[in-house]
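One letter stands for each residue in the lines below.
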Amino acid sequence: MIYGLYIHFPFCVHKCFYCDFYSLENLSLIEIFVESLLIEIDLQTINLPSKPKIDTIYLGGGTPSLLTPQLMEKIFAKIYDKFEIIENAEITIECNPGTTDIAYLKNYKSLGANRISFGVQSFIPAELKFLERIHSVDEVYKAYNLARKTGFDNISIDLIFSLPNQSFDNWKFSLAQAISLQPNHISAYSLIYEENTPLFNSYKKGKIAKNNSDLDADFYNITTEMLGLAGFNQYEVSNYCLPGQFSRHNCKYWNSSEFFAFGPSAVGVIDDVRYKNFSSLSKYNKSIKSNLRPIEYTEQLTEEIRLFERVFLTLRAQGLDVNTFKNEFGIDILHICKELFVLFIQNNFMTIENGFIKLTADGYFIGDDITLKIMDKIENSDYSCRNANAGDVRDIL
Ligand code: SF4
């Protein structure tokens, strides 16, 4: 088994208006956190018979680019000590353009990092201000060019669309600027109104008007069209890459692969058990001090859960492999969902090619509804098709 490894770094200079990731603004706690993190890695690996093999590492957050080179070295030394990092592993560090520094970038490179993910979000100053991002547009260009100069040949850019009062022209401008930088990968998310964020509270109080789903769809269509024309393949509902340059780490989530996770609020899956760490640095530190892993809850991934997640996650991403699905769950999905799939294909929501069920750009947009309809069909079948042969996909076209 080859695993992924995620570390959640829980600090930011300023909490953005819309963000519900666990992060604190008290940067004086960073060193204490790193000490706890190193112990957490020890606690999780101490009883393993051999070093787990890792082929993707993702240092996210939060704002990991706040870590000094000394602290970053400590973290990587621990990772290299406790895990076997295989050759050509993908090692990503999330960077805020406002805290990106040439010495820090060189440090990442020397530690083996080979991918940078920049949280850019917009190229319009007023939008960055609305989102309460700490960086300026100038800093985006500067940080991006520094990363290229430092030798990072794999860079991703995150963008957000469908902001209140955002014009289509402004969104097209941000997309065009992102494309002009020639990144390898772009993640473009619709603004989510997460509960307990200042954004959500402002919306609830009527201070902010949320775009309706038709407007959301228009922004989404602009995104898929512009990125498609620029040569980016959509390989997940919000993720686009130049050919072959998808995020190997993120694909682990969508393929239901297993991964270690460390840091407050981090979620990992090992041996079919999902675990979530405390979303509280003080609880996290306290648990570590008592030599206990800082786990808030665990969940055994039963066949039922795995089945739902396999449909939901693979359809959101690179598609559901009919034969693998049948081998794992004993379900002939083409047989059970035949009429449904014919309808989805006729409406340009789905394609079935080479044994893969994939959603189109239109299908991605209503992916949750599609998953629910498929699950409804599966749950209401008696699984009597478990022993049937996987039908030839051409039968239903
Ligand atoms: S920088 Fe990122 S993680 Fe930090 S508050 Fe803003 S959106 Fe959240």
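Coordinates for the structure precede this section.
Values in this document were obtained by computation on a predicted structure and should not be read as measured data. (Residues numbered from 1 in each chain as written. Predicted model: local features only at pLDDT ≥ 70, side-chain atom pairs only at ≥ 80, totals over all residues.)

Examining the site of the ligand
Inspection of the region around the ligand gives Cys12, Lys15, Cys16, Cys19, Phe21, Ser23, Gly61, Gly62, Thr63, Asn96 and Gly119 as its neighbouring residues. In the shell around the ligand, the residues fall into 4 nonpolar, 6 polar and 1 charged. (Near = placed C-beta within 6 Å. Nonpolar A, V, L, I, M, F, W, Y, C, P; charged D, E, K, R; others polar.)

So, the sheet that holds strand β15 (residues 356–359)
As summarised here, the arrangement of the 3 strands in space is β13-β15-β14, forming an open sheet in which the pairing is antiparallel. At either margin of the open sheet sits one strand with a lone partner, and together these are β13 (320–321) and β14 (350–353). Of the pairings in the sheet, the one linking β13 to β15 comprises 2 bridges and is antiparallel in character. Residue pairing in the sheet places Leu320 in a bridge with Ile357 of β15. (Pairing = 2+ DSSP bridges. Helix = DSSP H or I, 4+ residues; strand = E, 2+ residues; numbered from the N terminus.)

Comments concerning helix α3 (residues 102–110)
Residues of α3 that are buried: Tyr104, Leu105, Asn107 and Tyr108. The buried residues of α3 occupy an angular sector of 155° when the element is viewed end-on, so they sit on one face. Facing away from the buried side of α3 by over 90 degrees, the exposed positions are Ala103 and Ser110. A positive phi of about 105° marks Gly112, the residue just after α3. (Buried ≥ 20, exposed ≤ 12 C-beta atoms within 10 Å, placed from the backbone. Arc of directions from axis to C-beta.)

Brief notes about the pairing of strand β6 (residues 185–190)
Inspection of the sheet shows strand β5 (residues 155–161) paired to β6 by 6 bridges, in the parallel sense. When the bridges of β6 are listed, Leu159 appears paired with Ala188. The β-α-β motif built from β5, the intervening helix α6 (residues 168–180) and the parallel element β6 has right-handed crossover chirality. (Right-handed = clockwise from strand over helix to strand, strands pointing away.)

What to know about the nonpolar core
Ranked by size, the top nonpolar core spans 71 residues in total, and within it Leu5, Ile57, Phe118, Leu159 and Ile186 carry the most contacts. The biggest single contributor to this core is β5, with 5 residues. Apart from residues lying up to four places away in sequence, Ile57 is in contact with Leu5, Ile79, Ala89 and Ile91. Judged by nonpolar contacts, the second largest core, of 23 residues, contains Leu320, Ile336, Tyr364 and Ile374. (Core = buried A, V, L, I, M, F, W, Y, C linked by C-beta atoms within 7 Å. Contact = placed C-beta atoms within 7 Å.)

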